[in-house]
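Chain by chain, the residues run as shown.
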Amino acid sequence: YWTEGTRLIHDVPESYEPTPEAAIEFYHPEDREAVEQAVRRCQRTGEPYDLELRLITAEGRERWVQTRGEFVTESGTETLRGTVQDITEIRENEQQLTVLNRVLRHNLRNNLNVVTANAELLREQLEQLRPAIDRCRDSATAPEELQETLAAFPFTDALDNVEQLEAKTWELLATADKSRELADIIDQIDQTDTFDIGSLLSSLVSEYETQHPDATISVESAQIATEANAESVSLAVEELLENALTHAGPEPAIDIAVDKPNESRVELTIEDDGPGIPEAERQALEEGQETPLRHSSGFGLWTASWLLSRTGGAVSIIETESGTCVRVDLPAA
């Protein structure tokens, strides 16, 4: 027997009547064995269980739930009684805190270290000019000595250091801008619209073709409508395109296709010819958590995953012979 709240979590109608077998089938295939063992152990020994697992609802949404169970005797009848609580938002908040903490403490710290190190080196190089300038103030040999000093000064290295300072500063600014944009969209992510995914892609591709003239981006799409938050889908696709263009080499080739495999889902694939996403990064995203040894290099893929899951979609990574294929699953309108 399920309560009304349990039916809402599973996205089933009030008339739905579950069976123990059907209830377990809602759990993610990789988590199903854990709940099966816990239930059998509880039935056999009376040991209660308390698990946090992934659930795939009747609408195809992935949710994190906390499921608890205990074996009780009521009026002479032995019963397995339990609760299911939707903790998706809690888990997503934990993921966001973990990733943002890693970005702030690792990526930004490392970039700032580069900035400060180059600034110090540049200062030392410029200081080489100070004695010559001081000696040459009132000296008749000033032009010749100054010429020799300037000839020995590593101007090329100094310019390289300045360029690194500028590049790393822009990276920090871009990270800050993306963080703010992500926060603004998440605040309004529950506001959904019906829009044509093909039109959205055409607009984004036009922008990226201008920014990356050496890239070849092809789009195969019909007019297919989806029901989601347009800004969140747009930002998620931007992050996936940016990731593909950044890591696919000097002349990347990217193929984008949109399909509607059934009446309820829309499938978007972004395939590139790059070296592929590192195993540790892909595994961290698939398992939904990071560790000191297994984490992503930025938070673009996490951004796409968060935004799409909150709108009833999902993102998965498939390694191909020629590169990487990222599949985006969205609810159809």
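Preceding block: the structure.
In this convention, every chain numbers its residues from 1, walking through the sequence in written order. Where local features are concerned, this predicted model is filtered to residues with pLDDT of at least 70; where side-chain atom pairs are given and counted, the filter is 80 or more; whole-chain, interface and lining totals use all residues. Note: side-chain values were computed over all heavy atoms of the structure, leaving out hydrogens and water.

S.K.: Any chance you could explain the overall build of the protein here in plain terms?
M.R.: Only DSSP runs of H or I with at least four residues qualify as helices, and only runs of E with at least two residues qualify as strands; both kinds are numbered from the N terminus onward. For the protein, the helix and strand inventory stands at eleven helices and ten strands. When burial is assessed residue by residue, the protein has 39% of its 333 residues classed as buried. Note on definitions: a residue-residue contact is assigned when non-hydrogen atoms from the two residues lie within 4.5 Å. Sequence-distant contacts, at least 24 apart, represent 62% of the contacts inside the protein between residues at least 6 apart. Note on areas: these come from Shrake-Rupley sampling with a 1.4 Å probe, and a residue is covered only by the protein chains present in the view. Counting every atom, the protein has about 19100 Å² of accessible surface; 49% of that belongs to carbon and sulfur. We call a residue buried when its accessible area falls under 20% of the maximum for its residue type, exposed when it is over 50%, and partly exposed in between, using a 1.4 Å probe and counting protein chains only.

S.K.: Before we go on, may I ask you to explain the nonpolar core in this structure?
M.R.: The tendency in soluble globular proteins is for nonpolar side chains to be buried as a group. In terms of nonpolar packing, the biggest core is built from 41 residues, with Ile197, Val237, Leu241 and Ile256 touching the most fellow members. Mapped by element, the contributors of at least two residues to this core are helix H7 (155-187), helix H8 (197-211), helix H9 (230-247), strand S7 (253-259), strand S8 (265-272), helix H11 (300-310), strand S9 (314-319) and strand S10 (324-331). Considering every element that reaches this core, the biggest residue donor is H9, with eight residues. Excluding anything up to four places from it in sequence, Val237 contacts Leu201, Leu204, Leu268 and Ile270. Formed by 15 residues, the second largest nonpolar core is a distinct cluster that contains Val12, Ala23, Val35 and Ala38. The term nonpolar core refers to a set of buried residues drawn from Ala, Val, Leu, Ile, Met, Phe, Trp, Tyr and Cys, joined through side-chain atoms within 4.5 Å.

S.K.: Mind showing me how you'd approach the packing of aromatic side chains here?
M.R.: Two measures describe an aromatic ring pair: the distance that separates the ring centres and the angle between the ring planes. When two rings of Phe, Tyr or Trp (its six-membered ring) have centres within 6.5 Å they constitute a pair, described as stacked for plane angles under 30 degrees, edge-to-face for angles over 60, and tilted for the intermediate range. For the coordinates displayed, the defined rule picks out three aromatic pairs. Where Trp2 meets Tyr16, the ring centres are 5.7 Å apart and the plane angle is 35°; that geometry is what we call tilted. Within this pair, whereas Trp2 is found in the segment before helix H1 (4-10), its partner Tyr16 is found in the loop between H1 and helix H2 (20-25), the two being separated by 14 residues in sequence. Here Trp2 falls in the buried class, since its relative accessible area comes to 10%. Judged by its relative accessible area of 22%, Tyr16 falls in the partly exposed class.

S.K.: Please clarify how the pattern of salt bridges should be interpreted in this entry.
M.R.: Oppositely charged side chains can form a pair if their charged atoms are brought close together. Within this document, salt bridges are pairs made up of a side-chain nitrogen of Lys or Arg and a carboxyl oxygen of Asp or Glu, the two lying within 4 Å of each other. The full count for this structure, using the stated rule, is 13 salt bridges. The partner of Glu74 in a salt bridge is Arg81, and the shortest N-O contact between them spans 2.8 Å. By relative accessible area, Glu74 is classed as partly exposed at 40%. The exposure class assigned to Arg81 is partly exposed, which follows from its relative accessible area of 39%. Of the charged contacts in the structure, one is a salt bridge between Arg265 and Asp329, with a shortest N-O distance of 2.7 Å. Here Arg265 is found in strand S8, whereas its partner Asp329 is found in strand S10, with 64 residues between them in sequence.

S.K.: Just to check I follow, could you spell out a negative patch on the surface for this structure?
M.R.: Residues enter a patch when their relative accessible area is above 30% and they make no salt bridge; the linking distance is 9 Å between like charges and 5 Å between nonpolar side chains (Val, Leu, Ile, Met, Phe, Trp, Tyr). We treat Lys and Arg as the positive residues and Asp and Glu as the negative residues; His and chain ends play no part in the count. Note that the charge is assigned to NZ on lysines, CZ on arginines, CG on aspartates and CD on glutamates. Residues Asp157, Asp160, Glu163 and Glu166 make up a contiguous surface patch of negative charge. Mapping Asp157 onto the fold places it in helix H7. Take Asp157: its relative accessible area is 42%, and that puts it in the partly exposed class.

S.K.: Can you help me understand the packing of H8 against H9 in this one?
M.R.: A fitted line through C-alpha atoms represents every axis, and for helices the fit uses only the stretch in contact; the resulting angles, taken between N-to-C directions, go from 0 to 180 degrees. For the pair H8 and H9, interaxial distance at closest approach is 11 Å and the crossing angle is 45°. Between H8 and H9, the crossing angle belongs to the class labelled oblique. In terms of crossing hand, the pair formed by H8 and H9 is right-handed. The residues of H9 that touch H8, namely those facing Ile197, Leu200, Leu201, Leu204 and Tyr208, are Ala230, Val233, Ser234, Val237, Glu238, Leu241, Glu242 and Leu245. For this classification, the nonpolar set comprises Ala, Val, Leu, Ile, Met, Phe, Trp, Tyr, Cys and Pro, the charged set comprises Asp, Glu, Lys and Arg, and every other residue, Gly included, is treated as polar. In terms of residue class, the contact of H8 with H9 is made up of ten nonpolar, one polar and two charged. Every angle not falling under 35 degrees, over 145, or within 65 to 115 is termed oblique; those three ranges are roughly parallel, roughly antiparallel and roughly perpendicular. By definition, turning the near helix anticlockwise from the far helix through less than a right angle yields a left-handed crossing, and turning it clockwise yields a right-handed one.

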